[in-house]
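Commentary on secondary and tertiary structure
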Amino acid sequence: VAGPAAALAGPGAVVLKVVGHCLRAEPDTHTAYEVEVVAGRARRVVLRRYSAFVALHKALRRAYPHLGLGLRWDRHFLAQKARVGSHRLAAEVVRARMELLRGYVAGLMALPGVPVSPEVGQFLGMDLAAHGARAQDGASAAGESAPPAAPPPP
């Protein structure tokens with residue numbers, strides 16, 4: 001396994017990072033965000049729509065109500081979902097969403113148990129347990145330059 005995320009992941013750790021985006025045409029034209037996944041010794045990049053991140057957030061809120069993912073993030077996701085006057089494929093919308101998603105994913109990596117949760121596994125389309133995934137200290141998993149991210153202020 002190579003790359004910056006791999007250097008952070010010990011054996012069995014799970015690290016996610018939003019590393020880019022691309023325009024997809026099937027089944028309709030949309031932006032797909034590239035999520036680098038390092039799970040144990042496996043590394044891959046999966047493509048996910050913005051709506052998949054929103055669905056992940058809702059699933060994690062239900063599964064982990066004590067972690068406080070709540071309304072603050074809901075407002076930020078909704079604000080990016082319904083930007084008035086901008087098309088969802090516009091460069092400024094894609095950039096703003098990507099930065100939001102990077103912070104959100106970095107914050108998730110800092111939460112106990114969340115990186116290896118069934119909800120994250122379903123979002124990734126991976127059986128994390130099959131990769132020997134286990135929880136890792138969030139501070140080192142969040143990213144080489146990012147401290148554990150707190151949700152942005154309202």
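Residues numbered from 1 in each chain as written. Predicted model: local features only at pLDDT ≥ 70, side-chain atom pairs only at ≥ 80, totals over all residues. Heavy atoms only, no water.

**Topic: the packing of aromatic side chains**
Overall, the coordinates contain two aromatic pairs when judged by the stated rule. Look at Tyr-33 and Phe-53: their rings are 6.4 Å apart centre to centre, the planes differ by 85°, and that puts the pair in the edge-to-face class. Here Phe-53 lies in helix α2 (residues 50-63) and Tyr-33 lies in strand β2 (residues 30-39), a separation of 20 residues in the sequence. Phe-53 shares its class with Tyr-33; the two are buried. By way of ring pairs, the aromatic residues Tyr-33, Phe-53 and Phe-123 are connected into one cluster. The ring of Phe-123 has Arg-48 sitting right over it, with the charged end atom 5.9 Å from the ring centre. Stacked on the ring of Tyr-50, the Lys or Arg Arg-97 has its end atom at 4.1 Å from the ring centre. (Phe/Tyr/Trp six-rings, centres within 6.5 Å; stacked < 30°, edge-to-face > 60°. Helix = DSSP H or I, 4+ residues; strand = E, 2+ residues; numbered from the N terminus. Buried < 20%, exposed > 50% of the residue type's maximum accessible area, 1.4 Å probe, protein only. Lys NZ or Arg CZ within 6 Å of the ring centre and 35° of its normal.)

**Some thoughts on the environment of Gly-121**
When you line up the elements, Gly-121 lands in helix α5 (residues 118-124). In this structure Gly-121 comes out as buried when scored by relative accessible area, which is 5%. Ignoring anything within four residues of it in the chain, the contact list for Gly-121 reads Met-126 and Leu-128. (Contact = heavy atoms within 4.5 Å.)

**A short note on the packing of α2 against helix α4 (residues 91-109)**
When two helices pack together, their arrangement is given by the angle between the helix axes and by the axis-to-axis distance. Where α2 meets α4, the closest approach of the two axes is 12 Å, and the angle between their N-to-C directions is 30°. In terms of orientation, α2 lies roughly parallel with respect to α4. The interaxial crossing formed by α2 with α4 has left-handed handedness. The residues of α4 that touch α2, namely those facing Tyr-50, Phe-53, Leu-56, His-57 and Leu-60, are Arg-97, Leu-100, Leu-101, Tyr-104, Val-105 and Leu-108. A per-class count over the contact of α2 with α4 returns nine nonpolar, one polar and one charged. (Axes fitted to C-alpha atoms, helices over the stretch in contact; angles between N-to-C directions. Parallel < 35°, antiparallel > 145°, perpendicular 65-115°, else oblique. Left-handed = near helix turned anticlockwise from the far one by under 90°. Nonpolar A, V, L, I, M, F, W, Y, C, P; charged D, E, K, R; others polar.)

**Some remarks on α2**
For α2, which comprises 14 residues, the first-to-last C-alpha distance of 20 Å matches the rise-based estimate of 20 Å (1.5 Å per residue) to within 8%. Every buried residue of α2 is accounted for by Tyr-50, Phe-53, Val-54, Leu-56, His-57, Ala-59 and Leu-60. (Expected span 1.5 Å × (residues − 1).)

**Quick notes on the confidence of the model for the chain**
With 68% of its residues at a pLDDT of 70 or more, the chain has an overall mean of 74. Summarising per-element confidence for the chain, the mean pLDDT is lowest in helix α6 (residues 138-141) (34) and highest in α5 (93). Every residue in residues 1-9 scores below 50 in pLDDT, and together they form 20 contacts with partners more than four places removed in sequence or on other chains. Scored below 50 in pLDDT, residues 135-154 shows 37 contacts in the model against residues more than four places distant or in partner chains. (pLDDT = per-residue confidence, 0-100.)

**Considerations on the pairing of strand β1 (residues 14-24)**
Two strands pair when backbone bridges link them, and β1 and β2 are joined in this way by ten bridges, in the antiparallel orientation. Within β2, the position partnered with Val-15 by the bridge is Val-38. Taking the residues that link successive antiparallel strands as the turn, the β1-β2 hairpin has five residues. (Pairing = 2+ DSSP bridges.)

**Overview of the side chain of His-57**
Position of His-57 among the secondary structure elements: in helix α2. A polar atom in the side chain of His-57 sits 2.9 Å from the side chain of Tyr-104. (Polar contact = N/O pair within 3.5 Å; in protein donor to acceptor, adjacent residues only side chain to side chain.)

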